[in-house]
Amino acid sequence: MIFVGVTMGFLLGVFLLASTLPKATEAFTDAHINITREVIMEKVTEVCREELEIDGLDFNPRDSSPEELVQACLGPKAKGEVSSAKFHKALREIYYSNKLIDRDFGNSAPHHFNSEAFLEGRGIITEGMGAIKANLRLGNLKAARETLGRILHTLQDFYSHSNWVELGSTEPYINLIRPYLPLENLAGVNTPTCRDCDSGTCSNPILPNILKEKKLTSGYLGLSSSVKPEGKCSHGGEGDQTSKTIPRGGINKDERRSDNEALFDAAVKAATEATSQLLEDIILTAGNEDFLRMMGVARAAILSFVIDTTGSMSEEIEEARSVAYEIIDSKQGMQDEPSEYILVPFNDPDFGPLFRTTDPEKMKTEISKLKAKDGGDTPEMCLSGIQLALTGAPSSSEIYVFTDATAKDIALKDTIDALISSTKSSLSFFLTGNAGRRRRRSLGEGSFDDYKDLALASGGQVIQVSKSELPQATEIILDTSTSALVTVLQRARHAGTDETFSFMLDESLNNITIYITGKLSSFTLTNPTGVSQTHNEANGKLGKFHTVGNLWRIRLNVDRQTGTWQINIKSSGPYTLTVRGQSTVTFIYDFVESFSGPHPGYAPLSGRPQAGQPATMMLSVIGRNGPSSVTVKEVGLVLVSGPESTTSSTIEDMGSGEILVTIDAVPEGEFVITLKGTDKVSNSDFQRQSTTQMSVSKVQIQAVVDSSAEPGKDFTLPFRVITQGAGGLYTINAKNDRNFPMTFPNSLTLTTGEYTNATLIVKPPADTESGTDITLTLDAKSSTDAESNYVVLRLSVVTKITDFSPPQCKDVIVVADDCPENVNMCAPYRWELSANLTDNNGTGIESISLRQGNGILSHTSLADPVVQVYYNASCCSQIVEVVTVDKIGNVGSCYHSIVHSGGPPALSLSLLLWLCLLLSIFTVKP
């Protein structure tokens, strides 16, 4: 019996990765993303194949694109359109977090394993792995992804910045992700490590005695100082001032040069395998399903309700329950079936808690518990409920709000605006109150117009109906709670107009629906061949429509024409127009800014782009067969509520489906992104639009979260604010979705063009559950309200980890005497294994699962100090691996094989000895 922390499947995965390494690029900074992408794709492939094999289904991706991988993983399980947008968004979050280490911590030795900061660097990885596992336990997937990106950068840099590969090491340094194992043979602080290299590009300047004694070192980096300990290696490269101090040169492998090709390639290979080991550890802890959810490989639809539960809301609660039941029951087994359900109740003075589940039956149970009670006064805590939904739901979610009252907590409106921009989620309101009969509002209360503002800013809608009409209006929820939802066009007008709007429909679109909300006099819809239908024809040549309250819903016929359509609208007051459908041809985007330094690049903006300069976006276009199946023709910005004019842009292909878009003339006001191109699959032109409105600002806020907080301890967050506009007094406001106490300055006096520094302190209560994430919104506003901006940050609260030891496997007994040596005769016979599992003095065993083997696994209570495990299998199933996870996330693995030499092809004795040696090093897998 071997008790190991690495599986045979993992060894095979490492071999596969090593044989399909990303091509060595000119810079290790590029390799960070290439390595991360390749390993994630490999691990998702492995996990998808395992999950489908369990269900007896085939996993057959036609190519290696993310689109095809998601299709092959999800397609066999359910019918309908499979969208890969969530996978692309998850990958982008991980990549950006990885890249931000270069911008935000370029001069931090531990974040890059520079300056021999090995213990501190491993500490960053250890803390990060603990936070990821704690986040995943509570379903906080975005926080887990962001931390994953950060620690992968640090882990990968070890192989580029240390002398690990110069020492001849061909495998990853497993001790970096095993905190219970010591970091051995580190070069002392007074030990010289490098010889002088006056050219700066010597192939290997490490001193011979360091190589002979296998001493571990890394290069010192100084961006503003040339001082380093005597005799120590420098990092080297442009910007490193220490590389001019003897011994000169550097040992980094950040660039592939003629003098270091072999070392660069070895560093990439080791970093790739190390990344695979870390992800394998997370998979074993979280399980296949949660790992895929973290990576965004899940059905795209989300059902999220925010419901007023005051005494007058009985009918609305019943209708919300009915709609939820209908969606759950009618979409079961379809791609349109929600992958996650979110429910947030609110009244006054209470709101929440947020309920989140992937189990539809639990959602049914929870929504059935809602009862209308209390209330009486009009305003309720609506925005507080919306805040919880926006921070708890995945990005780009459709959130539906049911209420008959205005918002009492209108002070949160700026925070909600910031969260809408950050999450790109849409808010749609079902209002059953009569705003005209409302009493005069008190100071600090909102109006129904505030809901209209938020809906417009997010790309959602405000539907005003009577209580009896509500069941007809909620059909929009059935329309939009769907996979692969895209927006073709959205416009708003604040006064009565007679206006014609054009939009393009392509062959990939299905279930196309037009929504008009507001005071409508008439409309005429015309297809590309000139066929028209008016508001007087409820069931015409182009589609069917019905109206309820202020909503007109037009569902186009299945046999609609592709090409340019037009709709003429005559109105007597404000209205909104939205055209939506289902298609896997879509795009995702982020406004970005460039940064300089040793490893320059682009980083996403958290807040509004800076006014007075070109806007820059990083945009990913997602086609039906990968990015190569679409051609982008035009990207621009357009005012939702302004004239029909689109700004011009320049487009630069960055590779892998990424497009850098620069727009010189940014419109004044709230704008959205429009994209036009050609779908090569059908050779038809398409049009898509973002839903979230954005604007520019002369104010900028900078803040960075670099670690987790601890329950009961203050967390200090430095931030700084600058304005390119008028200086003076700016109001500072901060909110968090957990209502944790915070202290921060209420105002700052800004001088034009100069940063002003300040500090915010968050105080997580001592009883905060480990893995809780806080969404913190910080905004600055000028005294005239003319300029404002915000940042949105996520902070994980994690209990300090002291248990690093994995569960142990002892007293193993194997009974396999009946198993024949000839495997062809195995069918009638069975074998058994029993073992005792214990976490010693640790946190206790949380789960036991079968990683390999087709037998029957059982065990005694997990609460017992020693858990007895029993395994019984056919002699045809000759390998078993039992994975044990403790309550912190440390992983242990029991592995045994009954393979006889006369059975399947045996491993050579030398290879078996090598494996035994390797597995003894990996004694356990926490």
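See above for the structure.
Residues numbered from 1 in each chain as written. Predicted model: local features only at pLDDT ≥ 70, side-chain atom pairs only at ≥ 80, totals over all residues. Heavy atoms only, no water.

### Details of the state of the cysteines
Now for step 1: All chains considered together, the criterion is met by six disulfides.
Now for step 2: Paired by a disulfide, C194 and C233 hold their sulfur atoms 1.9 Å apart. Between C194 and C233 the sulfur-sulfur dihedral comes to about 95 degrees; the bridge is accordingly right-handed. Residue C194 is located in the loop between α7 (141-161) and α8 (208-212), and its partner C233 is located in the loop between α8 and α9 (261-286); the two are separated by 39 residues in the primary sequence.
Now for step 3: A relative accessible area of 0% places C233 in the buried class.
Now for step 4: Between the sulfur atoms of C197 and its disulfide partner C202 the distance amounts to 2.0 Å. Between C197 and C202, the S-S dihedral sits near 100 degrees, and the bridge is therefore right-handed.
Now for step 5: Given the relative accessible area of 2%, C197 is considered buried.
Now for step 6: Each disulfide of the protein chain joins two cysteines, and with those cysteines numbered along the sequence the arrangement is 1-2, 3-6, 4-5, 7-12, 8-10, 9-11. (Disulfide = S-S within 2.5 Å. Helix = DSSP H or I, 4+ residues; strand = E, 2+ residues; numbered from the N terminus. Buried < 20%, exposed > 50% of the residue type's maximum accessible area, 1.4 Å probe, protein only.)

### Observations concerning helix α3 (residues 66-74)
Now for step 1: Counting buried positions over the nine residues of α3 gives eight, a clear majority of the element.
Now for step 2: Taken together, the buried positions of α3 are occupied by P66, E67, E68, L69, V70, A72, C73 and L74.

### Comments concerning the packing of α7 against α9
Now for step 1: The geometry of α7 relative to α9 is characterised by a closest axis approach of 8 Å and an angle of 145 degrees between their N-to-C directions. The crossing of α7 and α9 is right-handed. Contacts between α7 and α9 involve L148, I151, L152, L155, Q156, Y159 and S160 from the first element and A267, A270, A271, A274, T275, L278, L279 and I282 from the second.
Now for step 2: For the contact of α7 with α9, the residue count by class is 12 nonpolar, three polar and no charged. (Axes fitted to C-alpha atoms, helices over the stretch in contact; angles between N-to-C directions. Left-handed = near helix turned anticlockwise from the far one by under 90°. Contact = heavy atoms within 4.5 Å. Nonpolar A, V, L, I, M, F, W, Y, C, P; charged D, E, K, R; others polar.)

### Structural notes on the sheet that holds strand β18 (residues 630-639)
Now for step 1: Strands sit in the order β18-β21-β22 across an open sheet of three strands; the sheet is antiparallel. Both edges of this open sheet fall to β18 and β22 (684-689), since each of them pairs with a single strand only. Strand-to-strand twist in this sheet, taken as the mean axis angle between neighbours without regard to direction, amounts to 20 degrees. (Pairing = 2+ DSSP bridges.)

### Describing the packing of aromatic side chains
Centre distance and the angle of the planes are the two values used to describe a pair of aromatic rings.
Now for step 1: As enumerated under the stated definition, the model contains 20 aromatic pairs in all.
Now for step 2: Taken together, a centroid distance of 5.9 Å and an interplanar angle of 55 degrees make the contact between F158 and W164 tilted.
Now for step 3: Looking at F158, the relative accessible area reads 0%, which means it is buried.
Now for step 4: Residue W164 is classed as buried on the basis of its relative accessible area of 12%.
Now for step 5: Three or more aromatic residues link up through ring pairs in this structure, and these residues are F113, F118, F158, Y159, W164 and Y173.
Now for step 6: We note R321 situated over the ring of Y325; from NZ or CZ to the ring centre the distance is 4.7 Å. (Phe/Tyr/Trp six-rings, centres within 6.5 Å; stacked < 30°, edge-to-face > 60°. Lys NZ or Arg CZ within 6 Å of the ring centre and 35° of its normal.)

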